[in-house]
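Here is how the chains run, residue by residue.
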Amino acid sequence: MKHIFLFTSLLITTNAFSQQTKPINLVDFVNPLMGSDSKYDLSNGNTYPAIALPWGMNTWTPQTGKMGDGWQYTYDAHKINGLKQTHQPSPWMNDYGQFAIMPVTGHLKVSQNGRASWFSHKAEVAKPYYYSVFLADHNVTAELTPTERTAQFRLTYPKSDSSYIIVDAFDKGSYVKIIPKENKIIGYSTKFAAGPLKNFRDYFVIYADKPITIAQTYSDSTLTDSLSLHAKHAMAVIGFKTVDGEKIHLRVSSSFISFEQAELNLKREQGNDSFDVTEQKAKNVWNKTLNHLVAEGGTVDQNRTFYSCLYRMLFFPNKLYEIDANNKIQHYSPYTGKTEPGYMFAGTGFWDTFRALYPFLNLVYPGIVKEMQEGLINDYKEGGWLPEWSSPGYADVMVGNNSASVVSEAYLKGARGYDIEKLYEALIHGANNEGPRATGRRGVEYYNKLGYVPYDVKINENAARTLEYAYDDFAIYQLGKALHKPESEIDIYKKRSLNYRNLFDPSTGLMRGKNKDGSFENPFNPFKWGDAFTEGNSWHYTWGVFHDMQGLINLMGGKKQFINKLDSVFTLPPIFDDSYYGEVIHEIREMQIVNMGQYAHGNQPIQHMLYLYNYAGEPWKTQYHVRDVMNKLYMATPDGYCGDEDNGQTSAWYVLSAMGFYSVCPASDQYVLGTPLFKKLTLNLENGKKVVFNAPNNSDSNFYINSITINDKPYDFNWLSHKALMQGGVINFNMSSQPNKLRGIKDSDFPYSLSNEK
């Protein structure tokens, strides 16, 4: 039977797409459990099944971990203790805006361990728009389906005199109140991981469709005599008698602003819709959103991986804004602690996502990007800085000033209708000052004076900061040009964008930390992770010259030496020095075990490196390595990633690569060519135009590009133009089992480098 099913699935995959006789449920290819088989010392994604709408304010997930544990759902767990509203971007950042709902039966135990139930993945259904699980210890089937700011639950109980619903508002200060005459629970949670946050509350309202016959509140696990409770850890319990198979429905809504706003969110987003109607609407939203990319001619596994990655990308950053009674956009401000007008987004780290997630959004979903840029304006107005990691305020993690790339790229690629001058002001401010909690630039005085952040002045990860600041300066220079700023104002950023040269060590051909007096760090171990670099070593960061690969080629002595250095990444053994961390961090382990030498795809710094052969005349090596990584390191399974998924970035690498290109330098107009994965892929642009990528003889063996035509005209460049793609068109790839070593080899074929700018 298995073989028949696979054959049928393949027929459906290849034929249904091409016939287009009825809408395709692309969402059915998505596996929300991809990447969920992870743990502290080895990440296969560090994801959880996120049940939500694209960019939705709230996300729901089953919780297997303990309260406060970043690994809130892991595939190897056997018990669920709640269905949790979450805003967690990754386990390393943990959560905020959280509370849990748990149906139970029998002898009432409210603690997480006491109420937890065994479950099996065989009786679990996870879809982006729907989740169901059989809670065996309680003989209850729990289902949920989301809107952007609300959710519906359908809980199927056995015959019981003791059927309950536990609402856990979590510790760190919370509130619950039961209003039996309205079949209603209200409350709020104040628990957050990445602060400080002013006046932070996640207000929730919950309506049951069955009269409440038991109503209790608990302070931690201690029963109180009140229906209203403020406590360090408040919980509410409602109970009923149920008949066998009885379904109890909950309507759940939350707000970061007020109880009244939570009620308004519920009325606006659910109205009188049934559970099934809400589920169908959510499914329709997912299909409409995914339908911007229609892949054809791939295997079932390729389709599942592609759309599972695309699904994961569409959560970051998430909406933090709400719509008031007068249909005005407003948001809770993590900076002022007040309700402020306008858009706001949260839950992303630009160190990860500037590389591919934002370039993808600018190409495929520019409408949401405009909202995100308006949100950044409000970050700056309310907090004084652009965030580098928002969760939901300024999180004190990672390096770089990559908001410069996110802001510049959006405008350069066509986003309009917002105050770009205010954002340009924010970029200049951030580039020349050190802000609180990883905003601005740490070590900026050294960087602006010496041209690098020194190794010996007690600023960690100094070489990584220098390299990223240099690219960020390029992004500011590009935006300044586009805004027609005077040369006297922007030339300093062009000059600083060449600061990467100051860390290049000719004796090793690698980037190396440099002391304040101009000498290089000594001793130097290029396999040492951390120290001068961020979650990587010199072999990873040496390639971090996104905007001027020709300049790096010149430093290395020419194209041949550059190619040899690229090749060495794969031929070196996967050795490492972990002394900076004092342990083998999971990123190191993930590089070590995939048997790709020093190539560490499980983390961000080197993910663009495969595409660099295009800058030195050997694009076929890019094609080989890109397809190899796609085949080996991604699969729509619980262990389907090779490291942290990281807010859509690692998924974005796959999706862009499957399209046939990658955003090596986001603050330019170009995408660097790789090799398409599908026989046909249609990009349905928001402007109504289409780009069709055809590769009819594409296969596992035919992954080399023999030739390309665009709108029937031969095309020899190793890059595609964003501006041209936005006009629509047909790109035909003639694929081969052997590399074409005569295509894309001329200097004029190579992608943009600042050093080639006339």
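Residues numbered from 1 in each chain as written. Predicted model: local features only at pLDDT ≥ 70, side-chain atom pairs only at ≥ 80, totals over all residues. Heavy atoms only, no water.

Enquirer: Report on the overall build of the protein, specifying residues and quantitative values.
Expert: The secondary structure content of the protein amounts to 20 helices and 36 strands. Computed over the C-alpha atoms, the radius of gyration of the protein is 26 Å, within 12% of the 27 Å expected from 2.2 N^0.38 for a compact globule of 758 residues. In terms of principal-axis extent, the alpha carbons of the protein reach across some 80 × 60 × 50 Å. Put simply, the protein has 758 residues, and 65% of those count as buried. Residue pairs at least 24 apart in sequence account for 70% of intrachain contacts in the protein once pairs closer than 6 positions are excluded. (Helix = DSSP H or I, 4+ residues; strand = E, 2+ residues; numbered from the N terminus. Rg over C-alpha atoms; globule rule 2.2 N^0.38 Å. Buried < 20%, exposed > 50% of the residue type's maximum accessible area, 1.4 Å probe, protein only. Contact = heavy atoms within 4.5 Å.)

Enquirer: Can you lay out helix α10 (residues 420–431) for me, pointing to particular residues and giving the numbers?
Expert: Along its twelve residues, α10 runs 16 Å from first to last C-alpha, staying within 8% of the 16 Å computed at 1.5 Å per residue. The complete set of buried residues in α10 reads Ile 420, Leu 423, Tyr 424, Ala 426, Leu 427, Gly 430 and Ala 431. Taken around the axis of α10, the buried residues stretch over an arc of 155°, which confines them to a single face. Contacts made by the buried residues of α10 are with α8 (366–383), α9 (403–412), α11 (444–450), α12 (462–482) and α13 (487–496). (Expected span 1.5 Å × (residues − 1). Arc of directions from axis to C-beta.)

Enquirer: Outline the pattern of salt bridges, listing residues and values.
Expert: This model, assessed by the stated rule, comprises 29 salt bridges. For Glu 148, the salt bridge is made with Lys 319, and the minimal N-O distance between the two is 2.7 Å. Of this pair, Glu 148 sits in the loop between β8 (140–146) and β9 (150–157) while Lys 319 sits in strand β20 (residues 318–319), and the two are 171 residues apart along the sequence. With relative accessibility at 8%, the residue Lys 319 sits in the buried group. Note that Glu 468 is salt-bridged to Arg 355, the shortest N-O span being 3.9 Å. (Salt bridge = Lys/Arg side-chain N within 4 Å of Asp/Glu carboxyl O.)

Enquirer: Before we move on, could you go through the sheet that holds strand β34 (residues 713–714) and cite the residues and values that matter?
Expert: Paired through their backbone hydrogen bonds, the strands of a sheet run either parallel or antiparallel. In spatial order, the strands read β19-β31-β32-β36-β33-β34; together these six strands make up an open sheet with mixed pairing. Sheet topology places β19 (293–296) and β34 at the edges, where each strand pairs with a single neighbour. Looking at chain direction, strand β32 (residues 690–694) and strand β36 (residues 729–736) are connected through four bridges and run parallel. Opposite Val 691, over in β36, you have Gly 729 as the bridge partner. Here helix α5 (residues 300–313) sits on the sheet in contact with β19 and β31 (680–684), set at roughly 170° to β19. (Pairing = 2+ DSSP bridges. Axes fitted to C-alpha atoms, helices over the stretch in contact; angles between N-to-C directions.)

Enquirer: Give a description of the side chain of Asp 324 that names residues and reports values.
Expert: With respect to the helices, strands and loops of the structure, Asp 324 is situated in the loop between β21 (321–323) and β22 (329–332). Nearest to the buried, unbridged Asp 324 among oppositely charged side chains is Arg 268, at 5.9 Å. Within the local environment of Asp 324, its side chain forms a polar contact with the backbone nitrogen of Lys 328, the two atoms lying 2.8 Å apart. Once residues lying within four places of it in the same chain are set aside, the contact partners of Asp 324 are Gln 261, Leu 264, Arg 268 and Gln 330. (Lys, Arg positive; Asp, Glu negative; His and termini not counted. Polar contact = N/O pair within 3.5 Å; in protein donor to acceptor, adjacent residues only side chain to side chain.)

Enquirer: Let's hear about the layout of surface pockets: which residues, and what values?
Expert: Its boundaries defined by the atoms lining it, the second largest pocket holds a volume of some 520 Å³. What lines the second largest pocket is a set of 27 residues, and nearest its centre among them are Trp 92, Val 397, Met 398, Glu 535 and Glu 587. For the lining of the second largest pocket, the secondary-structure elements that each account for two or more residues are α6 (350–353) and α17 (586–593). Each residue belonging to the lining of the second largest pocket can be placed in one class, and the counts come to eleven nonpolar, six polar and ten charged. (1 Å grid on protein atoms, 1.4 Å probe; cavity = no way out; pocket = protein on both sides within 12 Å on 5 of 7 lines; lining within 4 Å. Points joined across faces, edges and corners; volume = space filled by probe spheres on them. Nonpolar A, V, L, I, M, F, W, Y, C, P; charged D, E, K, R; others polar.)

Enquirer: Account for empty space enclosed by the protein, naming residues and giving values.
Expert: In the structure shown here, the tally under the stated rule is eight cavities of 30 Å³ or more. Reported here for the largest cavity is a volume of approximately 220 Å³. What lines the largest cavity is a set of 21 residues, among which Tyr 48, Gln 88, Pro 89, Phe 315 and Phe 316 lie closest to the centre. Of the residues assigned to the lining of the largest cavity, the class counts are six nonpolar, twelve polar and three charged. Around the second largest cavity, the lining residues are Pro 317, Phe 345, Thr 348, Phe 350, Tyr 358, Met 372, Gly 375, Leu 376, Asp 379, Pro 387 and Ser 390. If one sorts the elements of the lining of the second largest cavity by residue count, α8 sits on top with four residues.

Enquirer: Hey, could you go over the packing of aromatic side chains for me, with residue numbers and the actual values?
Expert: A full pass over the atoms with the stated rule returns 51 aromatic pairs. Taken together, a centroid distance of 5.6 Å and an interplanar angle of 90° make the contact between Trp 60 and Phe 99 edge-to-face. Within this pair, whereas Trp 60 is found in strand β1 (residues 59–63), its partner Phe 99 is found in strand β4 (residues 99–105), the two being separated by 39 residues in sequence. The residues Trp 60 and Phe 99 share a single accessibility class, namely buried. Each ring, one from Phe 192 and one from Phe 200, has its centre 5.8 Å from the other, and the planes form 90°; the classification is edge-to-face. Look at Phe 192 and you get partly exposed, because its relative accessible area is 31%. We classify Phe 200 as buried; its relative accessible area is 5%. Ring-pair connections join several aromatic residues into one group, and the members of that group are Tyr 611, Tyr 634, Tyr 641, Trp 653, Tyr 654 and Tyr 662. Between the NZ or CZ atom of Arg 496 and the centre of the ring of Tyr 493, over which it lies, the distance is 5.6 Å. (Phe/Tyr/Trp six-rings, centres within 6.5 Å; stacked < 30°, edge-to-face > 60°. Lys NZ or Arg CZ within 6 Å of the ring centre and 35° of its normal.)

Enquirer: Please give an account of helix α15 (residues 549–556) that cites residues and values.
Expert: For α15, a buried count of six out of eight residues is recorded, marking the element as mostly surrounded by other parts of the structure. Along α15, the positions that sit buried rather than exposed are Met 549, Gln 550, Gly 551, Leu 552, Ile 553 and Met 556. Contacts from the buried residues of α15 go to β27 (504–505), β28 (510–511) and α16 (559–571). Gly 557 lies just past α15 and shows a positive phi near 105°.

Enquirer: Mind laying out unusual backbone geometry, listing which residues take part and the relevant values?
Expert: Here Phe 316 and Pro 317 are connected by a cis peptide whose omega angle stands at -15°. Structurally, the position occupied by Pro 317 is in the loop between α5 and β20. Between Ser 391 and the following residue, Pro 392, the backbone shows a cis peptide bond with an omega angle of -10°. For Pro 392, the position within the fold is in the loop between β26 (389–390) and α9. Residues other than glycine seldom take positive phi values, yet Asp 531 does so here, at roughly 60°. For Asp 531, the position within the fold is in the loop between β28 and α14 (538–541). Positive phi, normally seen in glycine, also occurs at Asp 712, with a value near 70°.

Enquirer: Go over the nonpolar core, please, and point to the residues and values.
Expert: Of all hydrophobic cores here, the largest spans 202 residues; its most connected members are Phe 360, Met 659 and Phe 693. At nine residues, α12 tops the list of elements feeding residues into this core. If sequence neighbours within four positions are ignored, Met 659 has contacts with Leu 293, Phe 360, Leu 363, Pro 676, Leu 681, Leu 683 and Phe 693. Core analysis: the next-biggest nonpolar cluster, separate from the first, contains 13 residues, Met 57, Phe 256, Ile 257 and Trp 385 among them. (Core = buried A, V, L, I, M, F, W, Y, C linked by side-chain atoms within 4.5 Å.)

Enquirer: Outline the environment of Gly 114, supporting the account with residue identities and numerical values.
Expert: With respect to the secondary-structure elements, Gly 114 resides in helix α2 (residues 112–115). In this structure Gly 114 comes out as partly exposed when scored by relative accessible area, which is 27%. In this structure, the C-alpha to C-alpha distance between Gly 114 and Glu 409, residues 295 residues apart in sequence, is 51 Å.

Enquirer: Explain the confidence of the model for the protein residue by residue, including any values.
Expert: Looking at the protein, pLDDT values average 96 and 97% of them are 70 or higher. Below pLDDT 50 for its whole length, residues 1–21 participates in 22 contacts with residues either more than four positions away or in separate chains. (pLDDT = per-residue confidence, 0-100.)

Enquirer: Give a detailed account of the pairing of strand β6 (residues 124–127), specifying residues and quantitative values.
Expert: The side chains of a regular strand alternate between both faces of the sheet. In β6, alternate side chains face the same way, and those of Glu 124 and Ala 126 are buried while those of Val 125 and Lys 127 on the opposite face are not. Pairing between β6 and strand β7 (residues 130–135): four bridges, direction antiparallel. Pairing of Lys 127 across the sheet is with Tyr 130, part of β7.

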